[in-house]
Amino acid sequence: ELKVEQNPLFLSMQEGKNYTIYCNYSTTSDRLYWYRQDPGKSLESLFVLLSNGAVKQEGRLMASLDTKARLSTLHITAAVHDLSATYFCAVDRRASGSRLTFGEGTQLTVNP
Amino acid sequence: DGGITQSPKYLFRKEGQNVTLSCEQNLNHDAMYWYRQDPGQGLRLIYYSQIVNDFQKGDIAEGYSVSREKKESFPLTVTSAQKNPTAFYLCASSMGTGTMDTQYFGPGTRLTVL
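Residues numbered from 1 in each chain as written. Chains lettered and ligands numbered in written order. Predicted model: local features only at pLDDT ≥ 70, side-chain atom pairs only at ≥ 80, totals over all residues. Heavy atoms only, no water.

Draft legend 1. Local environment of the interface of chain B and chain A. Contact with chain B, which involves 26 residues of that partner, is made by 22 residues of chain A. On the surface where chain B and chain A come into contact, there are one salt bridge. Where Arg99(A) meets Asp59(B), a salt bridge forms, and the shortest distance between an N and an O atom there is 3.3 Å. Across the contact surface, chain B and chain A share four residue pairs in polar contact (both at pLDDT 80 or more). Listing elements by their share of the side of chain B that touches chain A, those giving two or more residues are β4 (31-37), β5 (43-51) and β9 (87-94) of chain B. By residue number, the principal contributor to the side of chain B that touches chain A is β5(B), which donates four residues. Considered class by class, the residues forming the side of chain B that touches chain A number 10 nonpolar, 12 polar and four charged. (Contact = heavy atoms within 4.5 Å. Salt bridge = Lys/Arg side-chain N within 4 Å of Asp/Glu carboxyl O. Polar contact = N/O pair within 3.5 Å; in protein donor to acceptor, adjacent residues only side chain to side chain. Helix = DSSP H or I, 4+ residues; strand = E, 2+ residues; numbered from the N terminus. Nonpolar A, V, L, I, M, F, W, Y, C, P; charged D, E, K, R; others polar.)

Structural data, given as structure tokens:
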């Protein structure tokens, strides 16, 4: 059974600081997604990482994938309040078609 | 505008009643999915459909049923057999199930069983 673990689950940081959210998964997969969810809202797709060593960047967010370590990271650079949200990673169980297993989410709060 | 719509946004039902949640997409996507989200948790897959007239159980299908009679529509029925139905339900779709196929999510339906 595929397990996906994120840490930390809660993150409070000051504006302007850097931090990294980690996503570990338990079985082989080479397709990983990052989503953002604002309170009470749906999920917004941020990144799709499709191969070992993949790195994607959008604004202050950068995601990477190490399939050998079964680890993805979401790095936040110079955080701003607008980044406050819950971030989910999701791993695709490719053998079963497109079936995602989600992590528990990291609730990020950026304080002024 | 292309997108995924879910209705209603909020739904209140008495215990023991079946309820049906609507999900429609005009993205011409082949695959559609239903997820459940409980407070403070990630999403769990209920059912998914890769093509019309075909669907498969996800990880927590017990107490739920679906149909896929049209490409655009994938309604979810929460039956009285579902022991704890109060949750946020999210529908998603993707072009297919291939490598490049990101799942896009609808706005969700918040179901409360009284």
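Additional details are given in the paragraphs that follow.
Draft legend 2. View of the sheet that holds strand β7 (residues 64-66) of chain B. Residues and elements named next belong to chain B. Spatially, the four strands line up as an open sheet ordered β1-β3-β8-β7, and their pairing is antiparallel. Unpaired on one side and paired on the other, β1 (4-7) and β7 mark the two borders of the sheet. Sheet twist, expressed as the average angle between the axes of neighbouring strands with direction ignored, equals 20°. Where β7 lies against strand β8 (residues 76-78), three bridges are found, and the strand directions are antiparallel. (Pairing = 2+ DSSP bridges. Axes fitted to C-alpha atoms, helices over the stretch in contact; angles between N-to-C directions.)

Draft legend 3. Fine view of the state of the cysteines. Residues and elements named next belong to chain A. Enumeration over the complete set of coordinates arrives at two disulfides over all chains. Each disulfide pairs two cysteine sulfurs, and for cysteine 23 the partner residue is cysteine 89, the sulfurs being separated by 2.0 Å. Disulfide cysteine 23-cysteine 89: torsion about the S-S bond near 80°, hence right-handed. Here cysteine 89 lies in strand β9 (residues 85-92) and cysteine 23 lies in strand β3 (residues 19-25), a separation of 66 residues in the sequence. Each member of the pair, cysteine 23 together with cysteine 89, is buried. (Disulfide = S-S within 2.5 Å. Buried < 20%, exposed > 50% of the residue type's maximum accessible area, 1.4 Å probe, protein only.)

Draft legend 4. How the structure looks around the sheet that holds strand β6 (residues 55-58) of chain A. Residues and elements named next belong to chain A. As summarised here, the arrangement of the five strands in space is β1-β3-β8-β7-β6, forming an open sheet in which the pairing is antiparallel. Here the strands that pair on one side only, and so sit at the sheet edges, are β1 (4-7) and β6. Between one strand axis and the next, the sheet turns by 15° as a mean value, whatever way the strands run. Looking at chain direction, β3 and strand β8 (residues 71-76) are connected through six bridges and run antiparallel.

Draft legend 5. Main features of the packing of aromatic side chains. Going through the model one piece at a time under the given rule, you end up with 11 aromatic pairs over all chains. Where Phe88(A) meets Phe102(A), the ring centres are 6.4 Å apart and the plane angle is 80°; that geometry is what we call edge-to-face. With a gap of 14 residues between them, Phe88(A) in strand β9 and Phe102(A) in strand β10 (residues 100-102) connect regions that are remote in the sequence. Each member of the pair, Phe88(A) as well as Phe102(A), is classed as buried. Considering the side-chain rings of Tyr33(B) and Tyr48(B), the 6.3 Å spacing of their centres and the 15° angle between planes classify their relative orientation as stacked. In this pair, Tyr33(B) is assigned in strand β4 and Tyr48(B) in strand β5, connecting sequence segments 15 residues apart. When its relative accessible area of 5% is taken as the criterion, Tyr48(B) is described as buried. Members of the aromatic cluster, joined through ring pairs, are Tyr33(A), Tyr35(A), Phe88(A), Phe102(A), Tyr33(B), Tyr35(B), Tyr48(B) and Phe105(B). Between Arg68(B) and the ring centre of Phe74(B), over which it is positioned, the NZ or CZ distance is 6.0 Å. Positioned above the aromatic ring of Phe88(B), the side-chain terminus of Arg110(B) is 4.3 Å from the ring centre. (Phe/Tyr/Trp six-rings, centres within 6.5 Å; stacked < 30°, edge-to-face > 60°. Lys NZ or Arg CZ within 6 Å of the ring centre and 35° of its normal.)

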